[in-house]
Structure formats: C-alpha cells, structure tokens
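Chain and residue survey
For reference, the chains in residue letters:
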Amino acid sequence: LEYINSLFTEGAMISINRLMTREKEAEWLGRHLTLIENGKRIAVVAEINGKVVGQVGVNPRRGHSAHVGVIGIGLCQGYRDVGLGSELMIEAERLAKEKGMTHMSLEVYSKNDRAQHVYRKLGYTYVGREPDAINLNGEIMDNIYMYKKI
C-alpha cells in the first residue's frame, strides 16, 4: 500500500488516479498473484530494506497477439535516475522472452520525458500517439505508444 500510494502522492505519471485503501490493494494484489501463478503475468519487484521501491509488470496480449507483452513500470521517488528502472525492465523482458513473447509494447505520457528517454535507450521506438488522452490533475496531454522487438 505504501508503494502505490507514495507514487500517487508524489504525482508520478502513472495510471492510478486516487489513493488505494488496504481493501482495494488486497483485491489488486490477489488478482495479480493469481495471474502470476497461472503464468499470465510477469512481475519483477525491487525491494530495499524491506520496502518495495519499484516494480515492472508484463501482461501478454491474447489470441493472435499473445506474442506481445504489455509492459508497465513504477519507481518511487529517490530511486530514479540510478539505473534501477532499466535493470527491472531488462529482467522483465528476459522473462517475457522465456515465456515466448517476441515483442513488448508500452504507453507513456507525452510529458514524461525522463521515461521516454529511458525507453528509447532500451530500444523502444515511437509507434503512435493518442491526442489529449490523459488528464493528470487537470493537465491534458497525449498518450505515447512505443514498441520493441525482444
């Protein structure tokens, strides 16, 4: 709970748009653990001194697109710009490849220059944009789509 709520409180550019209660967190965690146990989700977590400071999740698409993994990442303030996010993504991509995925896709807010820089450095390329798709505390921005062959 502390992890996801800290990202929300600091105003991180993530899709969570409100604080989570312990009950909602337990529901979320239960769903994700079931997906992981059934091989339908990959999760890589960074923990420092017993505190979760980052995570990457990969969800394979379904049907004819099952070879594509949709990747998402979150890192707590104070753990960015030190290479941790890159390492988490590299490990998640390795695990996705082991599970038969050959491509990764992601979405990033157009004003999240730091994340876009990291993704480009890791080999992701721009494939599209959805105008005005994001409303972050009243600030409207585009949603960027990026893609990578792994």
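Throughout what follows, the structure given in this document is the object of discussion. If you're wondering where the values come from, they're calculated on a predicted model, not measured in any experiment. (Residues numbered from 1 in each chain as written. Predicted model: local features only at pLDDT ≥ 70, side-chain atom pairs only at ≥ 80, totals over all residues. Heavy atoms only, no water.)

Turning next to the sheet that holds strand 4 (residues 103-109). The strand order across the open sheet formed by six strands is 1-2-3-4-6-5, and the pairing between neighbours is mixed. Across the chains shown, the open sheet's two edge strands, defined by having one partner strand only, are strand 1 (42-48) and strand 5 (125-136). Strand after strand, the sheet turns through a mean of 20° between neighbouring axes, direction not considered. Summarising the sheet, strand 3 (residues 68-75) and strand 4 pair through three bridges and their orientation is parallel. Paired with Gly-69 across the two strands is Met-104, which belongs to strand 4. Packing against the sheet, helix 1 (residues 2-10) makes contact with strand 2 (51-60) and strand 3, and its axis sits at approximately 90° to strand 2. (Pairing = 2+ DSSP bridges. Helix = DSSP H or I, 4+ residues; strand = E, 2+ residues; numbered from the N terminus. Axes fitted to C-alpha atoms, helices over the stretch in contact; angles between N-to-C directions. Contact = heavy atoms within 4.5 Å.)

Glancing now at the pattern of salt bridges. With the rule as written, the count across this model stands at seven salt bridges. Between Arg-114 and Asp-81 there is a salt bridge, and its shortest N-O distance comes to 3.3 Å. Of this pair, Arg-114 sits in helix 4 (residues 113-121) while Asp-81 sits in the loop between strand 3 and helix 3 (84-98), placing them 33 residues apart in sequence. On the accessibility criterion, Arg-114 (44% relative accessible area) is partly exposed. On the basis of relative accessibility, which here comes to 62%, the residue Asp-81 falls in the exposed class. Across the pair Arg-94 and Glu-98 runs a salt bridge whose closest N-O atoms are separated by 2.4 Å. Placement of the pair is Arg-94 and Glu-98 together in helix 3, with a separation of four residues, close to one helical turn. Of the residues examined, Arg-94 reaches a relative accessible area of 38% and is grouped as partly exposed. Residue class for Glu-98 comes out exposed when judged on its relative accessible area of 57%. What emerges from the salt-bridge pattern is a single network uniting Glu-91, Arg-94 and Glu-98. (Salt bridge = Lys/Arg side-chain N within 4 Å of Asp/Glu carboxyl O. Buried < 20%, exposed > 50% of the residue type's maximum accessible area, 1.4 Å probe, protein only.)

Function-wise, these values are silent; they only describe arrangement.
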